[in-house]
Amino acid sequence: MLATLRRIIEEVSAAPHRDEALAIIVRRVREAMSVDACSVYLVDASGSHFVLMASDGFDSEQVGVSRAKLTEGLIGSVGEWRAPVNLAIASAHPRFSRFAELVDARYPAFLGVPLIHLRRVLGVLAVQRAAAITFSPDDVAFLVTIAGQLAGAINDVTQGDAISRQLRDRVEASVFLRGIPAIPGVAVGTMTLPDPLASLASVPDRVPVDMNAEEVALRSAVLAAKAEIRQRSAQLGTVLSEEARTILDAYVMLLDSTRLITAAVERIHAGNWAPGALRDTIAEYSRHFEQIEDPYLRARSEDIRGVGRRVLLHLQSRGGISRLYPERCILVGEEISIAQMSDVPVARLAGIVSTRGSAFSHAAILARSLEIPAVMGIGDLPIGSLEGATAAIDGYRGRVFIDPARNIIEEFEHIIAHERSLSINLQKLRDEPPVTPDGIYVRLYANMALVSDAVAALNSGAEGVGLYRTEINFMMLDRFPSEEEQYGTYRQVLKAFAPRPVIMRTLDVGGDKILPYFPVVEANPFIGWRGIRLTLDQPEIFLIQLRALLRANAGVDNLQIVFPMIGAMQEVDAALALVDQAFLDLQDEQLPASRPKIGVMIEVPSAVSLAPILAREVDFISIGTNDLTQFLLAVDRNNSRVAGLYDTLHPAVINAVDRVVRDVRDAAKEVSVCGEMAGDPAGALLLLGMGVNALSMSPPRLPRIKKMIRTVPGYQAVDLLHRARLMRTADEVRSMLQEHLERAGLGPLIGPVTP
């Protein structure tokens, strides 16, 4: 039976359009179950009726004609109850309707199961037969299984057909695609596919006529790609943030990788032409990162493929591809690389849409620096047909309208103008203190990943760095960075912010965060060898970093070190012992060094319970709400199937964070919060009520949070927290907080009401 299931699913997945896919389903299911008839009903566009869309064993003229209300007949019962209906004689059931079902006295036995995709009923899959006996448990199990497997495929092909039909007929509509909100904001523009010729997946194998000539072509293409990326970076000039320019430099570093080029050359001399060798090499390097959850390490996979496509372009045609981009360009593709974004003149780039990717890719970093709205993970779609289509994208709610109706475009244009005005007004608060009307001071810090982030952080009015991700420095190389390299990086950041505090998180890799030169393969990596566990087990790596940090702090004394993923007190003891060892070794070597404050991150649920003890052992506590939320709710926020369950305003998250804050304050220590909760006006409002000392967030979010703090009195935040702790769901909490923000005149901070 498993082989039959697999064969049916493979055939359906390969179908070019919905009608063919449905025809395959009814034919193959009828054959596999040895029944007399099989039918598929789907919910119509209005959402009011089930319509017969395919049938094998009944009159084909009824397809598209036979229809029933959602609560009518046996088909309606299956959809309404969301459960199988198994009957020996269908006509004897009280819900049977001669107007809702295909009636054929020859086939009295009926079995129907719902087609459900992400909790939404798409339709009903039904079989019938002449023998008037109920279907066996095995029959029911098979049909339920096949329906569960096929619902997603039916959804994708239906959505793709709808887009193709809409683009073909050019009918203005208000339907939209839903993805993952990546970068807040809205945009209207023309959808454009980047690098249409450079498709690595479509490169065939080919035996080279001249292996040496292929090698020369590959090396020339790499050099040309490097030159082009440098030229694009220069063309963007001062408009491009330092952070984004550093990432473009990382592209050049990837192209400088001896390992990557050598591997491709070896494949050429093993018998494949340059494009095929490049394809396999890029696939090998990117495959390791495909399933990585960490936003920055996942981005390396996208970067490698982006670099590969750029080199392929030069293999296909010497020199760059000259293109004319529309005035308001919305880049759309499977995944958008930073090089593809930099190809578009900055004044013309209006938005980004990708079928894959997340809010934490390197492309998203550049989009944030340029304040470009983005929607990621919209699913498998016929993106080739989207070139030239008008689109309106909603980065707040993760929606993409294709060829939207005129009224939707007008509403989006109004929102764009309003957002521009809001940004200008908030910038005026840069040098104002983050103090509530009743005198409560909350320090606002910036999250950073690169040295170049300092410019954006300081321009936002940040009073320091609440989280510096040191692992990014490790990612940019093809080996562990030396002590001197780390020292230089950390010293730059500390001096840029002195005397403001800078909290640097020690190396946080392992599990899903795999360094290409230090791979870790585990059955369950997310709760495996990662964070502090890995660095404690590899003291030779950890001590080099600690030495570099202590040396960098000499003379500036604004460093604070935080240990990630702490779950047990033994880990704290061991980490502190290594700090002591590093400091004593530096003293013995007469190298300047200064001991910093030491803290731990609360990200693991066990650390929530240990907070009172942890607070006594270290100088400060930092709560990482992103990982803590994922662990508490068991939700991968980059998985589109469950991303909707991820919510930092979930009562469990609120209570856990509040508990930690109270425990740390009881110990007279400082507590800060970094992550999405700190940068969300609603979340920050609760954190204000808890009495958090500092909030750390991405620089663009800081002015909004400062505006909220300077508007809402602390006592109101405390009252809101008490009310939130009594609520049952995140929706209830969010509704209450948004209502309060709107009454306070802060509604624009939480985003506009999009159509």
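Now for a look at the structure at hand. (Residues numbered from 1 in each chain as written. Predicted model: local features only at pLDDT ≥ 70, side-chain atom pairs only at ≥ 80, totals over all residues. Heavy atoms only, no water.)

Some points on the overall build of the protein
Next, step 1: Looking only at helices and strands, the protein features 26 helices and 22 strands.
Next, step 2: When the 755 residues of the protein are sorted by exposure, 58% land in the buried category.
Next, step 3: The long-range share in the protein, meaning contacts at least 24 apart out of those at least 6 apart in sequence, stands at 67%. (Helix = DSSP H or I, 4+ residues; strand = E, 2+ residues; numbered from the N terminus. Buried < 20%, exposed > 50% of the residue type's maximum accessible area, 1.4 Å probe, protein only. Contact = heavy atoms within 4.5 Å.)

As for the packing of helix α20 (residues 625–633) against helix α21 (residues 651–666)
Next, step 1: Closest axis-to-axis distance for the α20/α21 pair is 10 Å, and the angle between their directions is 125°. Considering their axes alone, α20 and α21 lie oblique with respect to each other. Taken as a pair, α20 and α21 cross one another with a handedness that is right-handed. The residues of α21 that touch α20, namely those facing T625, L628, T629, L632 and L633, are A652, V653, A656 and V657.
Next, step 2: Of the residues in the contact of α20 with α21, the class split is 7 nonpolar, 2 polar and no charged. (Axes fitted to C-alpha atoms, helices over the stretch in contact; angles between N-to-C directions. Parallel < 35°, antiparallel > 145°, perpendicular 65-115°, else oblique. Left-handed = near helix turned anticlockwise from the far one by under 90°. Nonpolar A, V, L, I, M, F, W, Y, C, P; charged D, E, K, R; others polar.)

Structural notes on helix α7 (residues 258–269)
Next, step 1: Compared with an ideal rise of 1.5 Å per residue, which puts 12 residues at 16 Å, α7 spans 16 Å between its outermost C-alpha atoms and is within 8% of the ideal.
Next, step 2: Turning to α7, its buried residues number three or more, namely L260, I261, A263, A264, V265 and I268.
Next, step 3: Of the residues flanking the end of α7, it is G271, one or two places downstream, whose phi is positive at about 120°. (Expected span 1.5 Å × (residues − 1).)

Focus on the nonpolar core
Next, step 1: In this structure, F563, L614, I621, I623, L695 and M708 are the most contacted members of the largest nonpolar core, which totals 103 residues.
Next, step 2: Contacts of L614, omitting those with residues within four sequence positions, involve I566, M569, V572, V600, I602, A607 and I621.
Next, step 3: Core analysis: the second largest hydrophobic core is formed by 32 residues, V12, L22, V40 and A109 among them. (Core = buried A, V, L, I, M, F, W, Y, C linked by side-chain atoms within 4.5 Å.)

Here we look at the packing of aromatic side chains
Next, step 1: What the rule picks out here adds up to 7 aromatic pairs.
Next, step 2: Ring geometry for F58 against Y107: centres 5.8 Å apart, planes inclined by 65°, an arrangement best described as edge-to-face. Of this pair, F58 sits in the loop between β2 (49–56) and β3 (67–69) while Y107 sits in the loop between β4 (85–87) and β5 (109–117), placing them 49 residues apart in sequence.
Next, step 3: In this structure Y107 comes out as buried when scored by relative accessible area, which is 10%.
Next, step 4: Centroid distance F480 to F518: 5.4 Å. Interplanar angle 65°. Geometry classified as edge-to-face. Of the two residues, F480 sits in the loop between α14 (471–475) and α15 (483–497) while F518 sits in the loop between β17 (502–505) and α16 (532–537), which places them 38 residues apart along the sequence. (Phe/Tyr/Trp six-rings, centres within 6.5 Å; stacked < 30°, edge-to-face > 60°.)

Side note on the packing of helix α18 (residues 569–588) against helix α19 (residues 605–617)
Each packed pair of helices is defined by two parameters, the angle between the axes and the distance between the axes.
Next, step 1: Relative orientation of the contacting elements α18 and α19 amounts to 15°, with a least axis distance of 11 Å. Accordingly, the angle class assigned to the pair α18 and α19 is roughly parallel. Crossing hand, α18 versus α19: right-handed. Side by side, α18 and α19 meet where M569, V572 and L576 of the first sit next to L610, I613, L614 and E617 of the second.

A few points about the sheet that holds strand β14 (residues 399–402)
Next, step 1: Pairing within the open sheet is mixed, and its 8 strands lie in the order β7-β14-β13-β9-β10-β11-β12-β8. The open sheet has two free edges, formed respectively by β7 (176–178) and β8 (180–183), since each of these has just one partner strand. Adjacent strand axes in the sheet meet at a mean angle of 30°, parallel and antiparallel pairs treated alike.
Next, step 2: As judged from the 3 bridges shared by β7 and β14, these two strands associate in the antiparallel manner. By the bridge assignment for β14, L177 is matched with V400. (Pairing = 2+ DSSP bridges.)

Observations concerning the environment of G123
Next, step 1: In this structure, G123 sits in strand β6 (residues 120–129).
Next, step 2: Distance in space between the C-alpha atoms of G123 and V113 is 8.8 Å, their sequence separation being 10 residues.
Next, step 3: Beyond its immediate stretch of four places on either side in the chain, G123 contacts Y41, L42, V43, F50, V113, P114 and L115.

Notes on the pattern of salt bridges
Next, step 1: On inspection of all chains with the given rule, the structure shows 29 salt bridges.
Next, step 2: R728 is paired through a salt bridge with E732; the nearest N and O atoms lie 3.7 Å apart.
Next, step 3: Here R728 falls in the exposed class, since its relative accessible area comes to 67%.
Next, step 4: Given a relative accessible area of 32%, E732 falls into the partly exposed group. (Salt bridge = Lys/Arg side-chain N within 4 Å of Asp/Glu carboxyl O.)

Observations concerning helix α25 (residues 714–724)
Next, step 1: Buried within α25 we find G714, A717, L720, L721 and A724. Down the axis of α25, the buried set is contained in an arc of 115°. They therefore lie on one face.
Next, step 2: Its buried side turned inward, α25 meets α21, α23 (681–690) and α26 (730–743). (Arc of directions from axis to C-beta.)

Overview of the pairing of strand β13 (residues 390–394)
Next, step 1: Where burial is concerned, most of β13 is hidden: 4 out of the 5 residues are buried.
Next, step 2: In this sheet, β13 lies alongside strand β9 (residues 186–192) in antiparallel orientation, the contact comprising 5 bridges. Opposite T190, over in β13, you have T390 as the bridge partner.
Next, step 3: Bridge count between β13 and β14: 4 bridges; the pairing is antiparallel. Residue pairing across strands places A392 opposite F401, the latter belonging to β14.
Next, step 4: Taking the residues that link successive antiparallel strands as the turn, the β13-β14 hairpin has 4 residues, and the phi of G398 there is positive, at about 70°.

Here's the deal with the sheet that holds strand β15 (residues 443–448)
Next, step 1: One closed barrel holds the 8 strands; their spatial order is β15-β16-β17-β18-β19-β20-β21-β22, and the pairing between them is parallel. Recorded for the sheet is a direction-independent mean angle of 25° between the axes of neighbouring strands.
Next, step 2: By the bridge criterion, 3 bridges tie strand β16 (residues 465–469) to β17 in an arrangement that is parallel. Considered in β17, the bridge of R469 is made with R505.
Next, step 3: Strands in contact with α19 are β19 (597–602) and β20 (620–624); relative to β19, the strand with the most contacts, it is inclined by about 165°.
Next, step 4: Relative to β15, helix α24 (residues 702–711) is tilted by about 165°, and along the sheet it contacts β15 and β22 (694–697).

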